[in-house]
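Notes for the structure review
Each chain is listed here by its residues.
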Amino acid sequence: MNYWLMKSEPDAFSIDNLQKSSNQTAHWDGVRNYQARNMMRDEMKVGDQVFFYHSNCALPGIVGIMEITKEAYPDYLAFDVNDPHYDPKSDPDSPRWVMVDVKFIRHLIRTISLQELKPHPEVQGLPLVQRGNRLSIMPVSKEQWDFILSLE
DNA sequence: GCCAACGTTGGC
DNA sequence: GCCAACGTTGGC
């Protein structure tokens, strides 16, 4: 089983939005970065566990856990001219972007903030804590996963 | 709201 | 294929 971290701006889609979704499940759309896409497409499997990270907000940090319930399939928003994530270069016959389905598992007891994580040597390998990092989907090692949860 | 860091685009 | 310009991300 793999572990991941996925970022979302809570103003756009928060963990509460996920919890309130039908079946507590939603598609993770709008990823428009090749590195992130490749990980979704090639490595994410049903059952993988994922940290839900709130970015660009008052307290950026890890707020909960979700699980992959459907592996990569075409991000159809890329075909919708009226959607902000529309990409004219994504051809329905050969989709450029993919999404996965995620299911709410639980909130963390408290938010584990970026500020709190940064000083810990155990997570220095995580792109999340590296300067200037913008990757919205990243792998988390089992050791990092367990360590972060031990802070809860 | 600011702005540094980054990824992408497109002219050459 | 280089790289300047541009748009976006995301912490602060």
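Scroll up to find the structure this text is about.
Described below are features of the structure shown in this document. (Residues numbered from 1 in each chain as written. Chains lettered and ligands numbered in written order. Predicted model: local features only at pLDDT ≥ 70, side-chain atom pairs only at ≥ 80, totals over all residues. Heavy atoms only, no water.)

Considerations on the packing of aromatic side chains
The description of two aromatic rings rests on the distance between their centres and on the angle between their planes. Applying the stated criterion to the full structure yields 6 aromatic pairs. With 5.3 Å between their ring centres and 75° between their planes, W28 and F52 make a pair best called edge-to-face. Of the two residues, W28 is situated in strand β2 (residues 25-28) and F52 in strand β3 (residues 49-54); the sequence distance between them amounts to 24 residues. We classify W28 as buried; its relative accessible area is 6%. For the ring pair F51 and W145, a centre distance of 3.8 Å and an interplane angle of 15° mean the geometry is stacked. Of this pair, F51 sits in strand β3 while W145 sits in helix α4 (residues 142-150); the two residues are 94 residues apart in sequence, bridging distant segments of the chain. Judged by relative accessible area, which is 0%, F51 ranks as buried. Grouping aromatic residues by their ring pairs yields a cluster made of Y3, F51 and W145. (Phe/Tyr/Trp six-rings, centres within 6.5 Å; stacked < 30°, edge-to-face > 60°. Helix = DSSP H or I, 4+ residues; strand = E, 2+ residues; numbered from the N terminus. Buried < 20%, exposed > 50% of the residue type's maximum accessible area, 1.4 Å probe, protein only.)

A word on the layout of surface pockets
One water molecule sets the probe size; rolling that probe over the atoms shows where empty space is left. As a volume, the largest pocket reaches approximately 440 Å³. Lining the largest pocket are 14 residues, with K7, S8, E9, A12 and D29 positioned closest to its centre. Of all the elements in the fold, those that place two or more residues in the lining of the largest pocket are β1 (3-8) and β2. In terms of residue count, the dominant contributor to the lining of the largest pocket is β2 (3 residues). Its residues assigned to classes, the lining of the largest pocket shows 5 nonpolar, 6 polar and 3 charged. (1 Å grid on protein atoms, 1.4 Å probe; cavity = no way out; pocket = protein on both sides within 12 Å on 5 of 7 lines; lining within 4 Å. Points joined across faces, edges and corners; volume = space filled by probe spheres on them. Nonpolar A, V, L, I, M, F, W, Y, C, P; charged D, E, K, R; others polar.)

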